[in-house]
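# Close look at the chain arrangement
The primary structure of each chain is shown beneath.
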Amino acid sequence: MKSQLAFESKKSRAIAIMKKKGMWPGLYAPPCHVFLWKMGVAVAPPPFSSFWNNFLCFTGVNTPFWGMVMWVVFWKGKREDLLSATGTILTVGLVCGLVMAALESWRGKANHLPAWSEV
């Protein structure tokens, strides 16, 4: 419980830093991170996280969600082969995870944000 309070305090300081830098409020906490925070996972806001941490977060949350949506909306009625659908889901998930992690890494550097350990 104490570590969760410490994390929430640190997260609030990080959000205040982003606000001070003039970053858009939508960048403070993308839906992926809001979901993880509600699940009790103490992960830093994306601009403060490392590339690999962001990659794991975005890939781990977005890939299954995107895959389920694609299956229900598009592929189920077309009798899509489960193996090829899984390959497509994993490929798109990995590429999106890499792109989002790179974008968040750049965003942290472009706004001259401190490392999460320094917040």
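The preceding data block contains the structure.
Residues numbered from 1 in each chain as written. Predicted model: local features only at pLDDT ≥ 70, side-chain atom pairs only at ≥ 80, totals over all residues. Heavy atoms only, no water.

The subject of this paragraph is the overall build of the chain. Broken down by element type, the chain carries 4 helices and 0 strands. Along the three orthogonal principal directions, the C-alpha set of the chain runs to about 50 × 35 × 20 Å. The buried share of the chain, reckoned over its 119 residues, is 34%. Put simply, of all contacts in the chain between residues at least 6 apart along the chain, 69% involve residues at least 24 apart. A total of about 7,700 Å² of accessible surface is found on the chain, and carbon and sulfur atoms cover 69% of it. (Helix = DSSP H or I, 4+ residues; strand = E, 2+ residues; numbered from the N terminus. Buried < 20%, exposed > 50% of the residue type's maximum accessible area, 1.4 Å probe, protein only. Contact = heavy atoms within 4.5 Å. Areas by Shrake-Rupley, 256 points an atom, 1.4 Å probe, with all protein chains shown as cover.)

On to unusual backbone geometry. The phi dihedral of His 112 is positive, around 55°, even though this residue is not glycine. Mapping His 112 onto the fold places it in the segment after α4 (82–110). For His 112, a relative accessible area of 64% puts it in the exposed group.

What follows concerns the nonpolar core. By size, the foremost hydrophobic cluster in this structure holds 18 residues, and its most contacted members are Met 18, Met 23, Cys 32, Leu 36, Phe 48 and Trp 116. Every element with two or more residues in this core is listed here: α1 (2–20), α2 (31–38) and α3 (51–75). With sequence-adjacent residues up to four places away left out, Met 23 is seen in contact with Met 18, Tyr 28, Pro 47, Arg 107, Asn 111 and Leu 113. (Core = buried A, V, L, I, M, F, W, Y, C linked by side-chain atoms within 4.5 Å.)

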